[in-house]
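# An overview of the molecular structure
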Amino acid sequence: MSALTVRQVRRRYLTLYGLRWLPTGLMIPVMILLMQERGLSLPQIGLVGTAQGLLVLALELPTGGLADALGRRPVLLAAGVLNLASLALFAVADSFALFFVVWALQGIYRALDSGPLESWYVDATLAADPEAEYERGLGYAGTVIGGAIGAGALLSGGLVALGPIGSVSALTVPVVVAIAAQVAALVALFVLLVEQRPATGFAAVRASVVQAPRMIGEAVGLLRRSRVLLALVAVELFWGFGMVTFESLLPVRLAEVVGDPERAAALLGPANSAAWLASAAGAALTPLLLRWPGAAPGAALLRIMQGVTVVGMGLFAGPVGVLVAYLACYTVHGASNPLHSGLLHRQVDGPYRTSVLSLNSMMAQPAGALGGVALTALAAATSVGTAMVVGAVVLAVAAPLYVPAWRAGRRPVDPPVVPAPEEPHAAAR
């Protein structure tokens, strides 16, 4: 890693980060509509999505140890191969069982992919210059993900608008292009990510797996010792449940008001692109929100505002109103994430920071799986609009969970929560 300069490391990181998210952007506008086209009902779509959430929940912490034991490069390559396999199967899947396998592969992929690239970037930057400020590259990554997903979504909408190609349906064409993009991402990963740290073999892998229960216990112990931290992590339960409204139900809602699934998919391409730009704009408001009303009050207010935008998506009668509410929702979403993450970072320090952040991330997975099942079933039994309003209420009722952090911020600053000194675990990402 020391052969690379700080600038070269940052360029490689941002290139690989953009390529990692491009296939996701291509898939977002079509994946729900394509599953419907292949015969799945909304409740079935909700059920297949649980495979991803449950596997990420089970594997999120242990895969950090795997990356440290074998190295980040082989773990990322394995993750890329799994993503390629899931995309290829998605292109041809035509049954509940096959789509369940698709989302199970996605769950394993996302657990393996969560963290190693960022860890490689930080380690490689410090190897090139121990005094380097790596935060700038992490900040640029937020812009890159918005551009990559936005460009992919825009391209996806254009491909759908062009119509079918031979026997390949219009909704399947973006999936084929996503497969090609994932192949390019794998090649770039193989060439650009250099790592001069030998794998320590299967003994280390076995040790990291054995350590996983202890790591989870330590993270849970931190939550028991801090009401503020427990409340912040609990926000993810409501957030994960409610996000189903604008991630999974929005395409169905738009198809409902437009009256044509393929036209809705074509609209979703530029809409998703604009949404990610709106999210980046929302994130840019972070310094202003920190000054007024402050991190915790601002985060609480944004939870309520996001619920209001989702109500708009569920109740507005025309596509223009639905899409305007959708863009407003993503603006709020982009502003919420930095505030929530900052509050978490202020509550934990030391070698257990990653465990708590992983646990925070994990909470959204079972909640999202439950939301996928409950809200899609409610949509099928009543209407998509009703399900979205229920999800909006769940998003908004998380606001009071920021009160402990707000009260703590008004008291004299306490040191971060750190458990008794122990050996650092192997989950640092």
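Structure: above.
Throughout this document, residue positions are counted from 1 along each chain, in the order its sequence is written. pLDDT decides what is reported in this predicted model: residues at 70 or higher carry local features, side-chain atom pairs at 80 or more are listed and counted, and totals for whole chains, interfaces and linings draw on all residues regardless. Values reported for side chains reflect all heavy atoms of the structure, with hydrogen atoms and water molecules removed beforehand.

## Here's the deal with unusual backbone geometry
Note on backbone geometry: most residues besides glycine have negative phi, and most peptide bonds are trans. A cis amide bond links Trp292 to the next residue, Pro293, at an omega of 10°. A run of DSSP states H or I qualifies as a helix once it reaches four residues; a run of E qualifies as a strand once it reaches two. Both are numbered from the N-terminal end. Inspection of the secondary structure assignment puts Pro293 in the loop between helix H13 (286–291) and helix H14 (295–315).

## Focus: the side chain of Glu236
Relative to the assigned elements, Glu236 resides in helix H10 (residues 227–242). For each residue, the accessible area found with a 1.4 Å probe, counting protein chains only, is set against the maximum for its type, and the residue is called buried under 20%, exposed over 50%, and partly exposed in between. The sign given to each residue is positive for Lys and Arg and negative for Asp and Glu; His and the chain ends receive no count. A pair is scored as a salt bridge if a Lys or Arg side-chain nitrogen falls within 4 Å of a carboxyl oxygen belonging to Asp or Glu. Buried charge without a partner: Glu236 forms no salt bridge, and the closest opposite charge is Arg303, 7.7 Å away. In this structure, Glu236 is in contact with His340, Asn360, Met363, Ala364 and Ala367, ignoring residues within four places of it in sequence. Residue contacts are counted whenever heavy atoms from the two residues lie within 4.5 Å of one another.

## Description of the pattern of salt bridges
All chains considered together, the criterion is met by 2 salt bridges. Here Asp113 and Arg20 are joined by a salt bridge, their closest N and O atoms 2.9 Å apart. Taken together, the residues span a long stretch of sequence, with Asp113 in helix H5 (residues 96–113) and Arg20 in helix H1 (residues 6–27) at a distance of 93 residues. With a relative accessible area of 16%, Asp113 lands in the buried category. Residue Arg253 pairs with Glu256 through a salt bridge whose shortest N-O separation is 2.7 Å. Taken together, the positions of Arg253 and Glu256, both in helix H11 (residues 244–258) and 3 residues apart, correspond to about one turn of that helix. Arg253 sits in the buried class, given a relative accessible area of 8%.

## Quick look at the nonpolar core
In terms of nonpolar packing, the biggest core is built from 115 residues, with Met35, Phe90, Trp120 and Met313 touching the most fellow members. For this core, the element with the highest residue contribution is helix H15 (residues 319–345), accounting for 11 residues. What Met35 contacts, discounting residues up to four positions off in sequence, is Leu40, Ile45, Val48, Phe90, Phe99 and Trp103. Nonpolar cores were defined as sets of buried Ala, Val, Leu, Ile, Met, Phe, Trp, Tyr and Cys residues, with membership established by side-chain atoms within 4.5 Å.

## Structural notes on the packing of helix H4 (residues 72–92) against H5
Interaxial angles span 0 to 180 degrees and are taken between N-to-C directions of axes, which are lines fitted to C-alpha atoms, for helices over the stretch in contact. At their nearest, the axes of H4 and H5 sit 8 Å apart, and the two run at 160° to each other. Classed by the angle they form, the pair H4 and H5 counts as roughly antiparallel. The way H4 lies across H5 gives a crossing that is left-handed. Along the contact surface, H4 presents Val75, Leu76, Ala79, Gly80, Leu82, Asn83, Ala85, Ser86, Leu89 and Phe90, while H5 presents Leu98, Phe99, Val101, Val102, Trp103, Leu105, Gln106, Ile108, Tyr109, Leu112 and Asp113. Split into classes, the residues belonging to the contact of H4 with H5 amount to 16 nonpolar, 4 polar and 1 charged. These descriptions rest on fixed angle ranges, namely under 35 degrees for roughly parallel, over 145 for roughly antiparallel, 65 to 115 for roughly perpendicular, and the rest for oblique. When the near helix sits turned anticlockwise from the far one by under a right angle, the crossing is termed left-handed; a clockwise turn instead gives a right-handed crossing. Under the scheme applied, nonpolar residues are Ala, Val, Leu, Ile, Met, Phe, Trp, Tyr, Cys and Pro; charged residues are Asp, Glu, Lys and Arg; polar residues are all the others, including Gly.

## Structural notes on empty space enclosed by the protein
Definitions used throughout: a 1 Å grid over protein atoms alone; a cavity as a set of points that fits a 1.4 Å probe which cannot get out; a pocket as an open set with protein on both sides within 12 Å along at least five of seven lines; a lining residue as one with an atom within 4 Å of a point. Grid points are joined across faces, edges and corners, and a volume is the space filled by probe spheres set on the points. Scanning the model with the defined rule gives 1 cavity of 30 Å³ or more in all. The wall of the largest cavity is formed by 14 residues, among which Leu16, Arg20, Asp113, Ala185 and Leu189 lie closest to the centre. Those elements that place two or more of their residues in the lining of the largest cavity are H1, H4, H5 and helix H8 (173–192). In terms of residue class, the lining of the largest cavity is built from 9 nonpolar, 3 polar and 2 charged.

## Here we look at a nonpolar patch on the surface
Residues enter a patch when their relative accessible area is above 30% and they make no salt bridge; the linking distance is 9 Å between like charges and 5 Å between nonpolar side chains (Val, Leu, Ile, Met, Phe, Trp, Tyr). Every accessible area reported is derived by Shrake-Rupley at a probe size of 1.4 Å, with residue values counting cover from the shown protein chains alone. A cluster of nonpolar side chains, namely Val183, Val187, Phe190 and Val191, defines an oily patch on the protein surface of about 370 Å² accessible area. Its location among the elements puts Val187 in helix H8. Look at Val187 and you get partly exposed, because its relative accessible area is 49%.

## Thoughts on H1
One less than the residue count of a helix, multiplied by 1.5 Å, gives the span that helix is expected to have. Counted at 1.5 Å a residue, the expected span for H1 with its 22 residues is 32 Å, and the 33 Å between its end C-alpha atoms agrees. Most pronounced at Trp21, the bend in H1 amounts to some 25°, and the proline Pro23 follows within four residues. What is called the bend at a residue is the angle between a pair of axes, fitted to the seven residues leading up to and ending at it and to the seven starting from it.

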